[in-house]
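Each chain, written out:
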Amino acid sequence: MRAGGVVRVEPKVLDLLVHLIRCRERLVEKAELFARVWTDTYVSDASLMQCVRRARVAIGDTGGERAAIRTVRGRGYTFVAPVTVDAGLRAENEASSESPTEPGGGPDLFGRAAEIAAADEWLAATAAGSGGLLLIPGEAGVGKSMLAHRIAELAQARNFAVLWANGGTRLGSPPYWVWSQVLNAFAEAVEPPVLRHSLGVGAADLAELAPGLRQRLGELREAPVVDAEQLRARLLQAFLDWLRQASRRQPLLVVFDDVHLADRSSLMVLELAVQDAQSLSLGFVATCRVPDVDATRDAAATIDRLRVAGRCREIELVGWSEAQLADVAAAHLGDVPGADVAALWRRTQGVPFFVVELLRGARTAADLAGSAREVEVEGSVPTAVRALVRERLTSLTSDTRSFLEVAAVVGLDIVPEFVAALSGLDRGAVTAAMDEAEAHRMVVADAGYRFAHALFAEVLYSELPTFRRAQWHRAVAEEYGRVGREPAARAYHLTRANGCVDASVVVRALIDAGDEAAAKHAYDDALAHFEQALGRLDDSADADLQGQVLVKLTSSARYAGRILAARASGRRAATTALDLGDA
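Residues numbered from 1 in each chain as written. Predicted model: local features only at pLDDT ≥ 70, side-chain atom pairs only at ≥ 80, totals over all residues. Heavy atoms only, no water.

Chemist: Can you walk me through helix α11 (residues 228-249) in this structure?
Modeler: For an α-helix the count is 3.6 residues per turn, leaving residues at separations of three or four pointing the same way. For α11, built from 22 residues, the straight-helix expectation of 32 Å at 1.5 Å per residue is met to within 8% by its first-to-last C-alpha distance of 32 Å. Turning to α11, its buried residues number three or more, namely Ala-228, Leu-231, Arg-232, Leu-235, Leu-236, Ala-238, Phe-239, Leu-240, Trp-242, Leu-243, Ala-246 and Ser-247. (Helix = DSSP H or I, 4+ residues; strand = E, 2+ residues; numbered from the N terminus. Expected span 1.5 Å × (residues − 1). Buried < 20%, exposed > 50% of the residue type's maximum accessible area, 1.4 Å probe, protein only.)

Structure, rendered in structure tokens:
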């Protein structure tokens, strides 16, 4: 309550306030807030700051002096306002503050002591000026993101600045999407003078990719206009100069979750930055799903080149052993018969996401054994994990499931207003759907909303009938077209609206996406869009349009350094032009 009235806040905001107030006599480090408030998901510093802002608004702490929640720059927050504690609650507060935490900081990290120690050793070397890439490969649900979050905590304890980005939050992301997230997070984390000094002469070029920079810095001196090839080189140099300067000020760790989903341009900058970090206090942690990293050629090729260059260290995650699984089950349920543990391990292969989901629904060892049998299906562990998720989805109301199905087509991030416009649900139904999804731990709220785990979105998406899925992709593309933005996202969804959209519409959208990428000097991404557009033009297609695509493809290939591809498409464009002349 505030001023006699009830103030409604999001659950995460309330959790943060409660913990700060309970720990009001000391500094609460950011790492501690991540572990306490976001126990089931992984968020960036920017999300934490947004949550703190909302907490301040909720308690009226909006003055410049921060009379209630005080920021300790680079470390965390302290609750400094007077607090009166009800005598009946004091004992409960003291007991809760003495409760032990899970081994390793959460159930998903149990048994990861060796991996955490190896990561801490790598961080020490990075802090000493031997930067590079730490890759965390593993199958879905094995705890890659949780380990990355723990590494971020260790880095903060070593006085690293930590920036986060996710390669897979948006389907059909624009060029440099991962780095746009990193730049915006950096802009939020430092004061404008530090930001301006760190970006240096490349500020204007980088601000074209990350609007948050202009919002923080205001007017920027525009760099001289040069040709496309020089502009691309200048942009790449601006990235490297910024990372060098930022890491000289303070050791810097950049975490890329789901790097296998990143766009080509983001991967190119990552490769250059890792190569450049060998004498800097600059480290990169990247999680990637196996076998997806092998299926995603761009990410696999980038990682392979860094391996060959000796710039990549790996910590591969596998499931818990049977003995570790027994310890986890015992911590939740007491003694569990060995036969039940063995059966559970055979079913789950110790994949933490799978095990923890089963544990949540079990009150006794018998419940746990029964749950394992209920989801037992023929096939691999990922198949069984999806079967468990599918079963959880059956408990949702039809409105909630429909809302989440549309959200899964859009991506991992959920913008309720955007999804509501597509699903046709009114505001009340959307609120009810989000509340139910959050109550079932399928959606989490931090600075916004998103699926708690990619598996929830993947199962929802895979369960959609093929034609309905295509219809939703078309609807998403039309909504992007209506608001007049996101050419890459619009093209992505149109290419998946098979049978629902005329081929010429898809080709035009791919050309628009290629033009946008070229305008941002992301010529590798532009090349991919133009190649797709050309591949969708058959022999009966308009020769003039075919010629236009070939010219754009040739230009992008040349600026991307793909000389052979540029020559081949150039010759084809010349032949098409001659044919048009003969006609």
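On we go from here.
Chemist: When you look at a nonpolar patch on the surface in this model, what are you seeing that I'm missing?
Modeler: A contiguous nonpolar surface patch, about 260 Å² in accessible area, is contributed by Val-7, Val-9, Leu-14 and Val-18. Mapped onto the elements, Leu-14 comes out in helix α1 (residues 11-22). The exposure class assigned to Leu-14 is partly exposed, which follows from its relative accessible area of 45%. (Patch = residues over 30% accessible without salt bridge, like charges linked within 9 Å, V, L, I, M, F, W, Y side chains within 5 Å. Areas by Shrake-Rupley, 256 points an atom, 1.4 Å probe, with all protein chains shown as cover. Salt bridge = Lys/Arg side-chain N within 4 Å of Asp/Glu carboxyl O.)

Chemist: How should the packing of helix α25 (residues 487-495) against helix α26 (residues 503-519) be read in this particular structure?
Modeler: Between two packed helices, what matters for the description is the angle formed by their axes and the separation of those axes. α26 packs onto α25 with a crossing angle of 150° between their chain directions and a minimal axis gap of 8 Å. Taken together, the axes of α25 and α26 are roughly antiparallel relative to one another. In the crossing of α25 with α26, the sense of the turn from one axis to the other is left-handed. In contact with Pro-487, Ala-488, Arg-490, Ala-491, Leu-494 and Thr-495 of α25, α26 contributes Val-505, Val-506, Ala-509, Leu-510, Asp-512, Ala-513 and Glu-516. Grouping the constituent residues of the contact of α25 with α26 by class yields nine nonpolar, one polar and three charged. (Axes fitted to C-alpha atoms, helices over the stretch in contact; angles between N-to-C directions. Parallel < 35°, antiparallel > 145°, perpendicular 65-115°, else oblique. Left-handed = near helix turned anticlockwise from the far one by under 90°. Contact = heavy atoms within 4.5 Å. Nonpolar A, V, L, I, M, F, W, Y, C, P; charged D, E, K, R; others polar.)

Chemist: Sorry, what's going on with the pairing of strand β6 (residues 252-257) here?
Modeler: Remember that side chains alternate between the two faces of the sheet whenever the strand is regular. For β6, the tally of buried residues reaches six of six residues, placing the bulk of the element in the interior. Here strand β5 (residues 161-166) runs beside β6; their pairing, made up of six bridges, is parallel. For Ala-165, the partnering residue across the bridge sits in β6 and is Phe-256. Where β6 and strand β7 (residues 282-289) come together, five bridges link them in parallel fashion. By the bridge assignment for β7, Val-254 is matched with Phe-284. (Pairing = 2+ DSSP bridges.)

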